[in-house]
Amino acid sequence: MNKKEILNALKEPFKSFDDELFKLADKTRFENVGDLVLLRGLIEFSNFCNKNCLYCGLRYENANCHRFRLNKEQIINYAKNAVELGLETVVLQSGEDFYYKEKDLIEIISEIKKLNIALALSVGERPIEEYLHFKEAGADRFLMRIETTDEKLYSKMHPKADFSKRKKTILKLKELGFELGTGSLVGLPEQSLNSIADDILFFKEVNADMVGVGPFIASPDTPLKNATDGSFELALKVVALTRIILPYANIPATTAMETIHPNGRILTLRSGANVVMPNIVDYEINKNYLLYSNKASNQFGVKETLNSIKDKIISINRIPK
Ligand code: 5AD
Ligand code: SF4
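In short, a report on the structure.

Rules of the game
Each chain has its residues counted from 1, following the order in which its sequence is written. As they are written, the chains are lettered A onward and the ligands numbered 1 onward, keeping that order. Owing to the predicted nature of the model, reporting of local features is limited to residues with pLDDT of at least 70; listing and counting of side-chain atom pairs is limited to 80 or more, with chain, interface and lining totals taken over all residues. Side-chain measures were taken over the full set of non-hydrogen atoms in the model, leaving aside hydrogen atoms and water. For two strands to be treated as a pair, DSSP must find at least two bridges joining them. Here a strand is any run of E in DSSP of at least two residues, a helix any run of H or I of at least four, and the numbering for each starts at the N terminus. Only heavy atoms enter the contact rule, under which two residues are in contact if any of them lie within 4.5 Å. All axes are obtained by fitting lines to C-alpha atoms, using only the stretch in contact for helices, and the reported angles, taken between N-to-C directions, cover 0 to 180 degrees. The pairing test for Phe, Tyr and Trp rings, Trp by its six-membered ring, is centres within 6.5 Å, and the orientation test on the planes gives stacked under 30 degrees, edge-to-face over 60, and tilted for anything in between. For every residue, the accessible area obtained with a 1.4 Å probe (protein chains only) is divided by the maximum for its type, and the residue is called buried under 20%, exposed over 50%, and partly exposed between those limits. Geometrically, a lysine NZ or arginine CZ counts as sitting over a ring once it is within 6 Å of the ring centre and also within 35 degrees of the ring normal.

The next point concerns the sheet that holds strand β9 (residues 319-320). Across the sheet, which stays open at both edges, the three strands sit in the order β8-β1-β9 with parallel pairing between neighbours. A single partner strand is all that each edge strand has here, and the edge strands are β8 (275-276) and β9. As judged from the two bridges shared by strand β1 (residues 36-39) and β9, these two strands associate in the parallel manner. If you follow L36 over to β9, its bridge partner there is I319. Of the strands in this sheet, β1, β8 and β9 touch helix α13 (residues 302-315), which is tilted by about 165° from β1.

One pass over the structure, following the stated rule, counts nine aromatic pairs. Pairing F14 with F22 gives two aromatic rings, centres 6.3 Å apart and planes at 50°, and the pair type is tilted. Residue F14 is classed as partly exposed on the basis of its relative accessible area of 32%. Geometrically, the ring pair formed by F45 and Y100 is edge-to-face, given 5.0 Å between the ring centres and 90° between the ring planes. Separated by 55 residues along the polypeptide, F45 in strand β2 (residues 41-46) and Y100 in the loop between β3 (89-94) and α4 (102-113) bring together distant segments of the chain. With a relative accessible area of 2%, F45 lands in the buried category. Clustering of aromatic rings is evident, with ring pairs tying together F14, F17, F22 and F232. The cationic tip of R69 hangs over the ring face of F48; the distance from NZ or CZ to the ring centre is 3.7 Å.

Bringing the sheet that holds strand β7 (residues 210-215) into the picture now. The strand order across the open sheet formed by six strands is β2-β3-β4-β5-β6-β7, and the pairing between neighbours is parallel. Each edge of the open sheet carries a strand with a single partner, namely β2 and β7. Put simply, the sheet's adjacent strands are angled 20° from each other on average, direction ignored. As defined by bridge partners, strand β5 (residues 141-143) adjoins strand β6 (residues 179-186) across three bridges and the pair is classed as parallel. By the bridge assignment, L143 is partnered in β6 with G181. Packing against the sheet, helix α3 (residues 72-84) makes contact with β2 and β3, and its axis sits at approximately 170° to β2. In this fold helix α9 (residues 232-245) packs onto β6 and β7, with an angle of close to 165° to the strand it touches most, β7.

Pasting the structure below:
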């Protein structure tokens, strides 16, 4: 698909979840990555952040965010739990938190790699040489969303952050040999469909191995608290179009999709997605990892939530792995 076709598909008014676009994305998903739904244990280990993204509840100016940090032992224990739950990948995610020094993260990575599972990092922008050392310590993947390719909007949303640095960092991660995950927010205030089409082309340009997309959800205690939420249907289109232009990519049905629509995860899995990232940190801790409100959670237990996700996957004739 070229840009014009992508843009036309985005402009087309939403009719139904059984539309041609979603069917084509589902078929493309089946033919290229099959019926498996890859489960990745998400360990959100610190909600301290030195960035101030306008949309996010973890921004440093949010004094109402209850901050927590897991120590090395806790993080490694959650990875061990992941193994016990039968998960083959963990994702370590945090705000940009330099309390964890390079050597701390290397120690955690090395310990987790002894468990023989795949490891993805999502810890934000750090000095490039640290990424190299994380790779050498055994980290397999790195996730860093571009958020939006609209430079003007990027600067508005990310005080003091530099779009070209973000883009360079993403390219560098790929060059270092990480499997690269990127992605974007759909429905930010003043975001144009034209720039969303560019976001999709960006995923292709950087040859992303994984693409995480979700709607913007207005978060209390942020400057965007009164803004209109992004649309589930539009975000679903972005997922479908991403599948069509990157047939082999791993595409998660993200937490934001499940948060904004009661059946969001399943609808997303039926429109191109093939990954789910269940949160495996106990609810009493991860309830404070509040990027936005009403975040889909595991308040009824880590194992119970995982099992219910697996049951839903099976109910649509897919195979959780
Ligand atoms: N709504 C939706 N997604 C959000 N993120 C942060 N804040 C919000 C929000 N209010 C996303 C960002 C970030 C990811 C971890 O969470 O895209 O990269
Ligand atoms: Fe920090 Fe990420 Fe939230 Fe931005 S989106 S404030 S970098 S946690």
